[in-house]
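Structural overview
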Amino acid sequence: ERSAILAVHIKDKAASDDVDLDTVAKGTPGMSGADLANLVNEAALNAVRMERQSITQDDFEAARDRILMGQRRESVAMTDREKEVTAYHEGGHALIATLFANADTVHKVTILPTGQALGVTMQLPEERHAYSQDYIEDRLAVLFGGRMAEDTVFGVTSTGAANDLIQATELSRRMVAEWGMSDRVGPMAWGSDNQVFLGDGLVSGRDYSDETARVIDEEVERILRTQENRARQALLEHRSALDRIASALLDKETISGNEVAQLIPEPTLPSEDEDPISEAANPPPIGQSGSD
């Protein structure tokens, strides 16, 4: 359906023979008709900026990157140390995403400052409407990949993982409190804190006890620690591959998911066999902050 919508919006524009709308459509899961119209317009604008007479496949790639990852920040000049840390951080994300069977496919990795980030690992998720526990756990491991890569290589972590930690904490809390993915808490769902109007403002309330809140917090920490350790162990076992990915990023600044896979000769790690598919909201893409 997305390919057909793209065809409608591009019919009155000059497009080169190399444009494959099916390939473009595969990289736009979740986009609405308006989003796809915007994608075509961005591709046309990029072709104009590059002084081309027609839209190419590269223009669509650039347009999608701009929409999903943000605009390149040409004015940001990183130090050699920042580039190296960023390369290992993004390399950690990419390595874990490639190794773990349930993780979304890596499309592109860059250490060029983009949006609010110093680097970005872009994945292309399949279009799903429900998510299994093993998929969510692998996603958590990917989120920890950048932080654990920094710790493994440099022995310290940076603020670059701030957004990763926010996403991971929110995702694990939903696993425990909303999706019934904790044996200790059981098949119960409370949702997020309720907003209650009292007097002149709103205060947060909840429909469970302090003891339950403590158990939820402990389970959230357990899940996060478990996935952090999975990421750390994988990085230690595949340290040579991490070094190769970071070196390629420092050399080229941007590499594709296929290039990442070629730098990992080891076999794919088996995934954890967990619960069946759970009705879950579409998780957000991996966000980036600092060097993430």
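A brief report on the enclosed structure follows. (Residues numbered from 1 in each chain as written. Predicted model: local features only at pLDDT ≥ 70, side-chain atom pairs only at ≥ 80, totals over all residues. Heavy atoms only, no water.)

1. Structural notes on helix 7 (residues 162–177)
Taking 1.5 Å of rise per residue, the 16 residues of helix 7 would be expected to cover 22 Å, and the 23 Å separating its terminal C-alpha atoms lies within 8% of that figure. Of the positions making up helix 7, those classed as buried are D164, Q167, A168, L171, S172, M175, V176 and A177. Tucked inside the fold, the buried residues of helix 7 contact helix 5 (80–99), helix 6 (133–154) and helix 8 (210–237). (Helix = DSSP H or I, 4+ residues; strand = E, 2+ residues; numbered from the N terminus. Expected span 1.5 Å × (residues − 1). Buried < 20%, exposed > 50% of the residue type's maximum accessible area, 1.4 Å probe, protein only. Contact = heavy atoms within 4.5 Å.)

2. Topic: the pairing of strand 1 (residues 105–110)
Across the six residues of strand 1, five count as buried, placing the element largely inside the fold. With five bridges joining them, strand 1 and strand 2 (residues 120–124) adopt antiparallel strand pairing. Looking at the pairing, V109 lines up with T121 of strand 2. As paired elements, strand 1 and strand 5 (residues 254–256) share three bridges and run antiparallel to each other. Bridge assignment links T110 to a residue of strand 5, and that residue is T254. (Pairing = 2+ DSSP bridges.)

3. So, the nonpolar core
With 52 residues, the main nonpolar core has L95, I96, I136 and I216 as its most contacted residues. Elements represented by at least two residues in this core include exactly helix 5, strand 1, helix 6, helix 7, helix 8 and helix 9 (239–252). Per element, the largest residue contribution to this core is 10 residues, and it comes from helix 6. The contacts of I136, once residues within four sequence positions are left out, are Y131, L171, M175, W179 and M181. The next biggest cluster of nonpolar side chains, apart from the first, holds 16 residues, and it includes I10, M31, A44 and I55. (Core = buried A, V, L, I, M, F, W, Y, C linked by side-chain atoms within 4.5 Å.)

The values reported here are purely geometric and, on their own, carry no functional implication.
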